[in-house]
Amino acid sequence: SVCNFVGITKDGRYVTPAAESILASTTNRMLQQLAKDEGLTVEQRPIDYDKEIDDFAEIGMCGTAAVVVRVKSITRGNKVTKPPSFDMLSKLRAKFTSIQCGELPDKHGWMMDVCPHPGM
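Below is a summary of the structure that appears in this document.

Thresholds applied
Residues numbered from 1 in each chain as written. Predicted model: local features only at pLDDT ≥ 70, side-chain atom pairs only at ≥ 80, totals over all residues. Heavy atoms only, no water. Salt bridge = Lys/Arg side-chain N within 4 Å of Asp/Glu carboxyl O. Helix = DSSP H or I, 4+ residues; strand = E, 2+ residues; numbered from the N terminus. Buried < 20%, exposed > 50% of the residue type's maximum accessible area, 1.4 Å probe, protein only.

Enumeration over the complete set of coordinates arrives at 8 salt bridges. Close ionic contact of R76 with D50 constitutes a salt bridge, the shortest N to O distance being 3.7 Å. Here the residue R76 occupies a position in strand β6 (residues 74-76), and D50 occupies one in helix α2 (residues 49-52), the gap between them amounting to 26 residues. Its relative accessible area of 44% is what places R76 among the partly exposed residues. Among the residues examined, D50 registers a relative accessible area of 58% and is labelled exposed. Several salt bridges converge on common partners, so that one network encompasses D11, R13, E43, R45 and E52.

Here it is as structure tokens:
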């Protein structure tokens, strides 16, 4: 996959897996920081799917092109999980893209000019 799992638990924690087999994601790291800015606890740790999947209010997949997109359902065996919300992840996505587009200040120093802006 070219995306990383991210979830917001029902008690407001931003959770993403930690494993050597998962590609390091700059997008995920930036979303984690924005989540911290919103007052969420950020946890990067192994996730026990069977024990924890029902604890998530929101589930998304994040990556460079998508930033973060909603996972509407997950089917595993006979069980279908449908996270009820995407409010916080949508808010984080909006902040992320607003920083990229210069609509919000970049207080973390993520953006870098690589060439002069036309007309400057």
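Mapped onto the elements, S73 comes out in the loop between β5 (67-70) and β6. For the pair formed by S73 and T97, sequence separation is 24 residues and the distance between their alpha carbons is 25 Å.

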